[in-house]
Amino acid sequence: MEKIKRPLNEDETEKQELSLPQKKYYRQRAHSNPIADHDFDYPSCPEAYDWSTLYPDITNEKSNIYNKRVEMLDIGCGYGGLLVTLSPMFMDSMILGMEIRVKVSQYVIERIKALRANQPNCYDNIACIRTNAIKYLPNFFKKGQIKKMFFLYPDPHFKKSKHKWRIINDTTLSEYAYVLAEEALVYTVTDVKDLHEWMVKHFSEHGLFKRVEDDDLKGDPVVDKLYESSEEGKKVTRNNGDKFLAVFMRIKDPDL
């Protein structure tokens, strides 16, 4: 005989609703073709997007960051570790994660929802959307809007034939430069030396970026958080792998 489930009482319902999602139910293959067609919703222009759906508690007049816009962007945010780390560090900034994988982005969305419920007035400044950053950045952000951009352990796409899929290339750098403010910083970390050298080469050869020297990063509170905040970073640490950091600044367009 099938056992009839009793309805949950109020305390059990609340506990169930506030539970953090479990990663084992949101696992997905690491590699995704960013060039392939995907079913994404995106606005026709930045003004057409309703940000209150992502940040409902800080897009009202009572919020201390009312009328501000997203200023920090984690591209390929994975399971959201960096977002959660940055949230209390930059409480007056809106921070967004972009993730192309369906299950992974859903995990981050559920994680943030649970964190907000468990800790009222915390984590209201972070959110995640599923989208393709290579294709749709200008649809979400105005020129010069972003002040910090992060690429933590991006997919190396080892095969030479798939290098065109890498998140850093000549075409994408121009897109990033468009949405980045002057003197905005781009942080990159990888455990793949070849990819590190690839990113350094492409940023250095682009006319709108220059590398920030290591000595100039010593006072940056973000840098130390980049190595361990993401799941991938923790995995590299467990495996005693190398980590390569490079930070770049968006410089003024010399033609202006």
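Residues numbered from 1 in each chain as written. Predicted model: local features only at pLDDT ≥ 70, side-chain atom pairs only at ≥ 80, totals over all residues. Heavy atoms only, no water.

- The name recorded for the protein chain in an unreviewed UniProt entry is tRNA (guanine-N(7)-)-methyltransferase, from Aphis glycines.
- In its Catalytic activity (unreviewed entry) section, UniProt records this for the protein chain: "guanosine(46) in tRNA + S-adenosyl-L-methionine = N(7)-methylguanosine(46) in tRNA + S-adenosyl-L-homocysteine".
- In the Sequence similarities (unreviewed entry) part of its UniProt record, the protein chain is described as follows: "Belongs to the class I-like SAM-binding methyltransferase superfamily. TrmB family." (UniProt positions renumbered as here; feature names shortened; annotations may be inferred.)

1. So, the UniProt feature "binding site: S-adenosyl-L-methionine" (unreviewed entry) in the protein chain
- Under the UniProt annotation, "binding site: S-adenosyl-L-methionine" (unreviewed entry) lies at Gly76, Glu99, Ile100, Asn132, Ala133, Leu152, Ser230, Glu231 and Glu232.
- Take glutamate 99: it is sitting in strand 2 (residues 94-99).
- By relative accessible area, which is 2% here, glutamate 99 ends up buried.
- Excluding its chain neighbours within four sequence positions, the residues that come into contact with glutamate 99 are Gly76, Cys77, Gly78, Val104, Ser105, Cys128, Ile129, Arg130 and Thr131.
- From its side chain, glutamate 99 meets the backbone nitrogen of glycine 78 in a polar contact 2.9 Å long. (Helix = DSSP H or I, 4+ residues; strand = E, 2+ residues; numbered from the N terminus. Buried < 20%, exposed > 50% of the residue type's maximum accessible area, 1.4 Å probe, protein only. Contact = heavy atoms within 4.5 Å. Polar contact = N/O pair within 3.5 Å; in protein donor to acceptor, adjacent residues only side chain to side chain.)

2. Regarding the UniProt feature "active site" (unreviewed entry) in the protein chain
- Residues annotated by UniProt as "active site" (unreviewed entry) correspond here to Asp155.
- Mapped onto the secondary structure, aspartate 155 falls in the loop between strand 4 (146-152) and helix 5 (170-179).
- Side-chain polar atoms of aspartate 155 contact the backbone nitrogen of histidine 157, separated by 3.0 Å.

3. Things to note about the environment of tyrosine 136
- Among the secondary structure elements, tyrosine 136 is positioned in helix 4 (residues 133-140).
- For the pair tyrosine 136 and tyrosine 42, spaced 94 residues apart in the sequence, the C-alpha separation amounts to 7.3 Å.
- Setting aside anything within four residues of it in sequence, one finds tyrosine 136 in contact with Phe40, Tyr42 and Thr131.

4. Quick look at the pattern of salt bridges
- Under the defined criterion, the tally for this structure stands at eight salt bridges.
- Across the salt bridge formed by glutamate 205 and lysine 201, the nearest N and O atoms sit 3.2 Å from each other. Of this pair, glutamate 205 and lysine 201 both sit in helix 6 (residues 193-205), four residues apart, roughly one helical turn.
- For glutamate 205, a relative accessible area of 56% corresponds to the exposed category.
- Close ionic contact of glutamate 228 with lysine 243 constitutes a salt bridge, the shortest N to O distance being 3.1 Å. Here lysine 243 lies in the loop between helix 8 (231-238) and strand 7 (244-250) and glutamate 228 lies in the loop between helix 7 (223-226) and helix 8, a separation of 15 residues in the sequence. (Salt bridge = Lys/Arg side-chain N within 4 Å of Asp/Glu carboxyl O.)

5. Digging into the packing of aromatic side chains
- If you walk through the whole model with that rule in mind, you get 13 aromatic pairs.
- Judged by centre distance (4.1 Å) and plane angle (15°), the ring pair of tyrosine 42 and tyrosine 136 falls under stacked. Separated by 94 residues along the polypeptide, tyrosine 42 in the loop between helix 1 (10-18) and strand 1 (70-75) and tyrosine 136 in helix 4 bring together distant segments of the chain.
- Among the residues examined, tyrosine 42 registers a relative accessible area of 42% and is labelled partly exposed. (Phe/Tyr/Trp six-rings, centres within 6.5 Å; stacked < 30°, edge-to-face > 60°.)

6. A short note on the environment of proline 43
- Along the chain, proline 43 falls in the loop between helix 1 and strand 1.
- Expressed as a C-alpha distance, the spacing of proline 43 and phenylalanine 140, which sit 97 residues apart in the sequence, is 6.7 Å.
- In this view, proline 43 contacts Ala48, Tyr49, Asn139 and Phe140; residues no more than four positions away in its chain are not counted.

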